[in-house]
Amino acid sequence: WEVNNEIYHLKHKEFKYLLNELIGEIISEFFALQTKKSIILVDQEHNFSLLSKSFLDPNLDYCCFDDFIDVRFWDDVGLDNLDRMDIFYNAKLEEEVTIKPEYLNILKNDLKKMLVRDFLVLQNDRSLGNFMFGYKNDYIKLMPLYDYEHSFGRYYGIYFNLLDFNLELKKVREYIKQDPYLQELLYKLLSFDFEVVINSLENEYGIILNKKEGDTHMVSSSFLCK
């Protein structure tokens, strides 16, 4: 949609999926991640939709994870590829570009936050098309997250064999033991209180969950912490 010369994305889904979208935005903010922000639309037949303002920046170009030159695809890749992200293919310049260290550090930390927040909500649809990077010259960043509808289901932890946050993998656990920031994020996960989400839904969107709805999301998001 175009409203007042601004581009918006309109999503029609069952209400439970739209609810996951709103919860996903709140949880991304909890981890200090940039996220798309939605408003609720209700038509005359009381059908719900979400309207989200486009976050695309005309001053940036865009790429996906597999545009990083040294990343490797393999089963049980673990978190190895986080250490292979210093060079990416800049399609605008048509050349390989080395990212400045200060940008690279922020980028890696944002990806770690994304991995932990997805782990918390059992995200099972973080495909390569559901997160992307914006860049200009040697600057690159993780763009705001989006597409949270498939949360609170079966968790795979696999990002198309490019990243794997499966804690049953020894190599993932060993990586975390050597990474203080990931440890900090997991401690933050343990402090998460789903009541914050419920209060936000009530205060910001006027949505009140019944006991069954609240319990369903609280159980799904909390069993990982036990």
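Residue positions within a chain follow its written sequence, with the count starting from 1. The predicted nature of this model means local features are confined to residues of pLDDT at least 70 and side-chain atom pairs, given and counted, to a pLDDT of 80 or more, with totals for whole chains, interfaces and linings taken over all residues. Derived side-chain values reflect all non-hydrogen atoms in the structure, with water molecules and hydrogen atoms excluded from consideration.

Trainee: Just give me the short version of a nonpolar patch on the surface, but keep the residues and values in it.
Mentor: Nonpolar side chains collect at one region of the surface, where Phe-15, Val-42 and Phe-48 lie side by side and expose about 240 Å² of accessible area between them. The helix and strand labels rest on DSSP assignments: H or I over at least four residues marks a helix, E over at least two residues marks a strand, and numbering proceeds from the N terminus. Assignment of secondary structure puts Val-42 in strand E3 (residues 38–42). What goes into a patch is any residue over 30% in relative accessible area without a salt bridge, connected to like charges within 9 Å or, for nonpolar side chains (Val, Leu, Ile, Met, Phe, Trp, Tyr), within 5 Å. Here the Shrake-Rupley method, with its probe set to 1.4 Å, supplies the accessible areas, and only the displayed protein chains count as covering residues. Each reported salt bridge corresponds to a side-chain nitrogen of Lys or Arg within 4 Å of a carboxyl oxygen of Asp or Glu.

Trainee: Run through the packing of aromatic side chains, naming residues and quoting values.
Mentor: Classification of ring pairs uses Phe, Tyr and Trp, with its six-membered ring standing for Trp, and accepts pairs whose centres are within 6.5 Å; under 30 degrees between planes counts as stacked, over 60 as edge-to-face, and the remaining range as tilted. Applying the stated rule across the entire model yields 17 aromatic pairs. For the ring pair Phe-55 and Tyr-146, a centre distance of 5.8 Å and an interplane angle of 35° mean the geometry is tilted. Of this pair, Phe-55 sits in the loop between strand E4 (48–53) and strand E5 (61–63) while Tyr-146 sits in the loop between strand E9 (139–142) and helix H3 (170–177), and the two are 91 residues apart along the sequence. With a relative accessible area of 23%, Phe-55 lands in the partly exposed category. Using a 1.4 Å probe on the protein chains alone, a residue whose accessible area is under 20% of its type maximum counts as buried, one over 50% counts as exposed, and one in between counts as partly exposed. Tyr-146 sits in the buried class, given a relative accessible area of 17%. Aromatic side chains Phe-65 and Phe-68 sit 5.8 Å apart centroid to centroid with 55° between the ring planes, which places their arrangement in the tilted category. Put simply, the rings of Phe-65, Phe-68, Phe-88, Phe-131, Phe-133, Tyr-135 and Tyr-159 pair up and form one aromatic cluster. Definition used: whenever NZ (Lys) or CZ (Arg) falls within 6 Å of the ring centre and also within 35 degrees of the ring normal, the charge is taken to sit over that ring. Over the face of the ring belonging to Phe-30 we find Lys-188, whose NZ or CZ atom lies 4.4 Å from the ring centre.

Trainee: Lay out the sheet that holds strand E8 (residues 133–136) in plain terms, naming residues and giving numbers.
Mentor: The sheet built from three strands is open, its strands ordered E5-E8-E9 with antiparallel pairing. The strands lining the two open edges of the sheet, one partner per strand, are E5 and E9. Direction aside, neighbouring strands of the sheet carry axes that sit 30° apart on average. In this analysis, strands are considered paired if DSSP registers two or more bridges between them. Relative to E9, E8 runs antiparallel, the two sharing four bridges. Comment: axis = line fitted to C-alpha atoms, over the contacting stretch for helices; angle = value between 0 and 180 degrees taken between N-to-C directions.

Trainee: Please give an account of the side chain of Lys-36 that cites residues and values.
Mentor: When you line up the elements, Lys-36 lands in the loop between helix H1 (15–30) and E3. Judged by relative accessible area, Lys-36 falls into the buried class, the value being 9%. Between N or O atoms, a polar contact is any pair within 3.5 Å; within protein, one atom must be a potential hydrogen donor and the other a potential acceptor, and residues adjacent in sequence are included only when both atoms are from side chains. For Lys-36, the side chain forms a polar contact with the side chain of Glu-21, separated by 3.0 Å.

Trainee: Requested: an account of the nonpolar core, with residues and values cited.
Mentor: The biggest cluster of nonpolar side chains holds 57 residues, and the ones touching the most others in it are Phe-65, Phe-131, Phe-133 and Phe-165. Among the secondary structure elements, those contributing two or more residues to this core are H1, helix H2 (101–121), E8, E9, H3, helix H4 (180–190) and helix H5 (194–205). Considering every element that reaches this core, the biggest residue donor is H2, with nine residues. When residues no more than four places from it in sequence are discounted, the contact partners of Phe-65 are Val-71, Asn-81, Met-85, Leu-111, Leu-128, Phe-131, Phe-133, Leu-162 and Leu-163. Definition used in this section: a nonpolar core is a set of buried Ala, Val, Leu, Ile, Met, Phe, Trp, Tyr and Cys residues joined via side-chain atoms within 4.5 Å. Whether two residues touch is decided by their heavy atoms; if any such pair falls within 4.5 Å, the residues are in contact.

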